[in-house]
Amino acid sequence: MEELRKLELKRTANSVRHGIIDGVYHATCGHPGGSLSIADILTYLYFEHMNVDPKDPKKADRDRFVLSKGHTAPALYSVLAHRGFFPVEELKTLRHTESRLQGHPDMKGTPGVDMTTGSLGLGISAACGMALSAKISSDPYRVYAIVGDGESEEGQVWEASMFAAHYKLDNLCVVLDWNGLQIDGPITEVMNPTPYAEKFTAFGWHVISIDAHDFDAIEAAFAEAKATKGKPTMIIAKSIKGKGVSYMENKCEWHGQAPKEEQYLVAVADLNKIDEELK
Amino acid sequence: MADKKATREAYGAALATLGEKYDFVVLDADLAAATKTGVFKKKFPERFFDCGIAEGNMISVAAGIATTGKIPFVSSFAIFASGRAWEQVRNSIGYPHLNVKIGATHAGITVGEDGATHQGNEDMALMRTIPGMTVICPADATEAYAATEAALLHNGPVYLRFGRFAVPDLSSELANYKFEIGKGVVYKEGKDVTLVATGFMVHQAMEAAALLAEEGIDAEVINIHTIKPLDADLIAASAKKTGAVVTAEEHSVIGGLGGAVCEALSELCPCPVLRVGVQDSYGRSGRVPELLEIYGLTAKNIAEQAKKAIAKK
């Protein structure tokens, strides 16, 4: 990837992170850690890769995206807002009673949200349904989904994985956000779902392992997924939970709580510093 | 005597015939031979998708298909479609109000020999609590066919309840039979007691009315094929006229037709209501006629309860 484009993506991703922190802070609750870990991949998908149009969010030939780990809605909302689906200012209404931005994604309420999610394990199946539908009617759109590493403890993730390989859904690309932490602790201690690459390979997927914060690797992985025929692709993305906010990085307790005012100011300062470095 | 046919047979036939006229897809979870979606599969293999024994995934896959504008029918046994996959039905289909049709077969005690694990006696209660869900329990083959087409043409999630056991096709003998979602059908007018029935218990209620007539009791019989939205006005008007109600369903008396009728009448027309159905218990293996006796799903029991209800006026 050329350096200027990469720099622009990094700047956008940092703006997305600002939006995540602003949203969760104003909500006084929510899930910052796992939102920050997927900010780079979501930025790449919405700003570089997927065929979407903010002016026509429901256009029939758009690529679809399903946030199977629905609790990280702040990241999806922030990337949608920065992409122009709705005003960035609206992020501050996250989780408020009058807001279009529900605690978990609501396809009927928010422009750009393709599937209602939040209950873990259900989104990847819905993504399979979308991909199968495209196959049935020979539609060219592709389907993307992000599944959480903790989420992969849900049996339905593996039911869906069987299904996707069985029906050769090569128009489906799923990202597994491997930040290593879930509510009760490290995933390997709570209920070890690893090894991932071996399991998804055995389930019949094309598997690519990347650093979730390396735009060169992200670009190469999505290109490889698109070129892969006859099987779905699983991108296992090793990420840092809380990425970009110093005190949140790799800290389990930042899975599901909002920063207090002084913590919010530190988070903003951390992200401002990254903005400065990217100037 | 009307011909006997299982409502699941009519469901399979309806899918296969309607498949010529309408563009929809069918999903099953390794039960196509039993649910009768296999009839559609044989005719339209390119529109049929087996999901294997994974009902939760199947329901969410159907939701994903529906987001793209196609209409999926999904089938399994009632216990699995409504029970195993309840949360998928609620969150993947119900909450976003997606256009998915759930064709659940082998509902109730008439599953017979397979026993309690496979006899779904709670499905209508489970599905009825989901906002926006339409719940239909056809009385017989003619109604099952009509309900399948009505569900297809209805925009929104629908739960269709079918049985394994062959039942008399009463609707085929009605002049000008017309099926409309949410509209109950008065099968027999009467003035002394109202028998509100659903599924094949409509047939039992008609027999009960005949038994009551022998004793000079004039029963009104209403077929409530749509449990939700309930035709509360029709039921309340009848209750106001007769002053006593008996509900009859092949389902738990908790949360199904009996529950729904009590909820409606407590607000619209409080009166004695007795509920015939499975009395807060599990089923068991056995031959269907014997099970119907054991669980009181008979014309005789409906007639007895009717007399008790009248006595409570």
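This structure is a prediction, so every number in the text was calculated from the model and none was measured.

Description of the overall build of chain B
Reasoning step 1: For chain B, the helix and strand inventory stands at 13 helices and 14 strands.
Reasoning step 2: Here chain B has a C-alpha radius of gyration of 19 Å; the compact-globule value for 313 residues is 20 Å, and the two agree.
Reasoning step 3: Put simply, chain B has 313 residues, and 64% of those count as buried.
Reasoning step 4: Carbon and sulfur atoms make up 52% of the accessible area of chain B, which totals about 11,500 Å².
Reasoning step 5: For chain B, the distance from the average position of its 31 positive side-chain charges to the average position of its 37 negative side-chain charges is 1 Å.

Here we look at helix α3 (residues 39-49) of chain A
Reasoning step 1: Counting buried positions along α3 of chain A gives 9 out of 11 residues, so the element sits mostly inside the fold.
Reasoning step 2: Along α3 of chain A, the positions that sit buried rather than exposed are Ala-39, Asp-40, Ile-41, Leu-42, Thr-43, Tyr-44, Leu-45, Tyr-46 and His-49 of chain A.

Here we look at the packing of helix α6 (residues 155-166) of chain A against helix α4 (residues 55-67) of chain B
Reasoning step 1: Contact geometry for α6 of chain A and α4 of chain B: axes closest at 9 Å, N-to-C directions at 70°. One finds that α6 of chain A runs roughly perpendicular with respect to α4 of chain B. Relative to α4 of chain B, the crossing made by α6 of chain A is right-handed. For the pair formed by α6 of chain A and α4 of chain B, the contact residues are Gln-156, Glu-159, Ala-160 and Phe-163 of chain A on the first element and Gly-56, Asn-57, Ser-60 and Val-61 of chain B on the second.
Reasoning step 2: Its residues placed into classes, the contact of α6 of chain A with α4 of chain B shows 3 nonpolar, 4 polar and 1 charged.

Section: the packing of aromatic side chains
Each pair of aromatic rings is reported with the distance of its centres and the angle of its planes.
Residue and element names in this part refer to chain A.
Reasoning step 1: Within the structure shown, the criterion is met by 19 aromatic pairs over all chains.
Reasoning step 2: Aromatic side chains Tyr-25 and Tyr-264 sit 3.9 Å apart centroid to centroid with 5° between the ring planes, which places their arrangement in the stacked category. With Tyr-25 in helix α1 (residues 3-27) and Tyr-264 in helix α10 (residues 261-277), this residue pair connects regions lying 239 residues apart in the sequence.
Reasoning step 3: Aromatic side chains Trp-178 and Tyr-196 sit 5.1 Å apart centroid to centroid with 85° between the ring planes, which places their arrangement in the edge-to-face category. Taken together, the residues Trp-178 in strand β3 (residues 172-178) and Tyr-196 in helix α8 (residues 196-202) connect sequence positions 18 residues apart.
Reasoning step 4: Given a relative accessible area of 23%, Trp-178 falls into the partly exposed group.

Description of the sheet that holds strand β2 (residues 143-148) of chain A
Residue and element names in this part refer to chain A.
Reasoning step 1: Spatial ordering of the open sheet is given by β1-β2-β3-β7-β6, a layout of 5 strands whose pairing is parallel. Across the chains shown, the open sheet's two edge strands, defined by having one partner strand only, are β1 (64-67) and β6 (206-211). Averaged over all pairs of adjacent strands, the angle between strand axes in this sheet comes to 20°, irrespective of strand direction.
Reasoning step 2: Strand direction decides the pairing type here: β1 and β2, joined by 4 bridges, are parallel. Each residue of the ladder has a partner; that of Val-66, found in β2, is Ala-145.
Reasoning step 3: Contacts from helix α9 (residues 215-227) reach β2, β3, β6 and β7 (233-238), with the element oriented near 170° to β6.

Comments concerning the side chain of Ser-92 of chain B
Reasoning step 1: Summarising the element assignment, Ser-92 of chain B is placed in helix α6 (residues 86-94).
Reasoning step 2: Its relative accessible area of 2% is what places Ser-92 of chain B among the buried residues.
Reasoning step 3: For Ser-92 of chain B, the side chain forms a polar contact with the side chain of Ser-60 of chain B, separated by 3.0 Å.
Reasoning step 4: If sequence neighbours within four positions are ignored, Ser-92 of chain B has contacts with Met-115 and Leu-122 of chain A together with Ser-60, Ala-63, Glu-87 and Leu-98 of chain B.

Examining the nonpolar core
Reasoning step 1: Among the nonpolar cores identified, the biggest contains 129 residues, and Tyr-46, Phe-65, Leu-172 and Phe-222 of chain A together with Leu-27 and Ile-102 of chain B are the most heavily contacted of them.
Reasoning step 2: By residue number, the principal contributor to this core is helix α5 (residues 122-136) of chain A, which donates 8 residues.
Reasoning step 3: Apart from residues no more than four positions distant in its own chain, Phe-222 of chain A is found in contact with Ile-41, Tyr-44, Leu-45, His-49, Tyr-144, Cys-173, Val-175 and Ile-235 of chain A.
Reasoning step 4: With 35 residues, the next largest nonpolar core counts Val-185, Ala-248, Val-276 and Val-278 of chain B among its residues.

Comments concerning the pattern of salt bridges
Reasoning step 1: A complete count under the given rule lists 27 salt bridges over all chains for this structure.
Reasoning step 2: Among the salt bridges present, the one from Arg-5 of chain A reaches Glu-48 of chain A, with a minimum N-O distance of 2.5 Å. Pair noted here: Arg-5 of chain A is in helix α1 and Glu-48 of chain A is in helix α3, with a separation of 43 residues, a long-range link.
Reasoning step 3: Of the charged contacts, one joins Glu-215 of chain B and Lys-307 of chain B as a salt bridge, the two residues approaching to 3.0 Å between their closest N and O atoms. Residue Glu-215 of chain B is located in the loop between α9 (201-214) and β11 (219-223), and its partner Lys-307 of chain B is located in helix α13 (residues 299-311); the two are separated by 92 residues in the primary sequence.
Reasoning step 4: Each member of the salt-bridge network shares a partner with another, and the members are Lys-188, Lys-191, Asp-192 and Asp-218 of chain B.

Section: empty space enclosed by the protein
Empty space among the atoms becomes visible once a probe the size of a water molecule is rolled across them.
Reasoning step 1: Enumeration over the complete set of coordinates arrives at 2 cavities of 30 Å³ or more.
Reasoning step 2: Of the voids in this model, the largest cavity is the one considered here, and its volume is about 150 Å³.
Reasoning step 3: Along its surface, the largest cavity is lined by 18 residues, and Thr-7, Gly-163, Gly-199, Phe-200 and Glu-250 of chain B are the ones closest to its centre.
Reasoning step 4: Tyr-46, Val-52, Pro-57, Arg-62, Leu-80, Phe-85, Gly-112 and Asp-114 of chain A together form the lining of the second largest cavity.
Reasoning step 5: Partitioning the lining of the second largest cavity into residue classes produces 5 nonpolar, 1 polar and 2 charged.

Quick word on the environment of Glu-180 of chain B
Residues and elements named next belong to chain B.
Reasoning step 1: With respect to the element layout, Glu-180 can be found in the loop between β8 (167-168) and β9 (185-188).
Reasoning step 2: For the pair Glu-180 and Thr-242, spaced 62 residues apart in sequence, the C-alpha separation works out to 25 Å.
Reasoning step 3: Aside from chain neighbours lying at most four places away, what touches Glu-180 is His-225 and Thr-226.
Reasoning step 4: Here the side chain of Glu-180 touches Lys-178 through a polar contact of 3.3 Å, side chain to side chain.

So, the pairing of β6 of chain A
Residues and elements named next belong to chain A.
Reasoning step 1: Across 6 bridges, the pairing between β6 and β7 is parallel. Opposite Ile-210, over in β7, you have Ala-237 as the bridge partner.
Reasoning step 2: Between the parallel elements β6 and β7, the chain passes through α9 in a crossover that is right-handed.

Focus on the interface of chain B and chain A
Reasoning step 1: Residue-level contacts link 23 residues of chain B with 26 residues of chain A.
Reasoning step 2: Of the roughly 1,900 Å² buried at the junction of chain B and chain A (both faces included), carbon and sulfur atoms supply 62%.
Reasoning step 3: Its largest share of buried area at the contact with chain A, chain B owes to Phe-49, Asn-57 and Tyr-95 of chain B, together 26% of the area lost on that side.
Reasoning step 4: At the boundary of chain B and chain A, one finds 0 salt bridges.
Reasoning step 5: Joining chain B to chain A, the criterion identifies 11 residue pairs in polar contact (both at pLDDT 80 or more).

Reading guide: rules and limits
- Residues numbered from 1 in each chain as written.
- Chains lettered and ligands numbered in written order.
- Predicted model: local features only at pLDDT ≥ 70, side-chain atom pairs only at ≥ 80, totals over all residues.
- Heavy atoms only, no water.
- Helix = DSSP H or I, 4+ residues; strand = E, 2+ residues; numbered from the N terminus.
- Rg over C-alpha atoms; globule rule 2.2 N^0.38 Å.
- Buried < 20%, exposed > 50% of the residue type's maximum accessible area, 1.4 Å probe, protein only.
- Areas by Shrake-Rupley, 256 points an atom, 1.4 Å probe, with all protein chains shown as cover.
- Lys, Arg positive; Asp, Glu negative; His and termini not counted.
- Charge placed at Lys NZ, Arg CZ, Asp CG, Glu CD.
- Axes fitted to C-alpha atoms, helices over the stretch in contact; angles between N-to-C directions.
- Parallel < 35°, antiparallel > 145°, perpendicular 65-115°, else oblique.
- Left-handed = near helix turned anticlockwise from the far one by under 90°.
- Contact = heavy atoms within 4.5 Å.
- Nonpolar A, V, L, I, M, F, W, Y, C, P; charged D, E, K, R; others polar.
- Phe/Tyr/Trp six-rings, centres within 6.5 Å; stacked < 30°, edge-to-face > 60°.
- Pairing = 2+ DSSP bridges.
- Polar contact = N/O pair within 3.5 Å; in protein donor to acceptor, adjacent residues only side chain to side chain.
- Core = buried A, V, L, I, M, F, W, Y, C linked by side-chain atoms within 4.5 Å.
- Salt bridge = Lys/Arg side-chain N within 4 Å of Asp/Glu carboxyl O.
- 1 Å grid on protein atoms, 1.4 Å probe; cavity = no way out; pocket = protein on both sides within 12 Å on 5 of 7 lines; lining within 4 Å.
- Points joined across faces, edges and corners; volume = space filled by probe spheres on them.
- Right-handed = clockwise from strand over helix to strand, strands pointing away.
- Buried area = accessible area lost by both parts, 1.4 Å probe.

Note that every value here comes from positions in space, so none of it alone points to a role or purpose.
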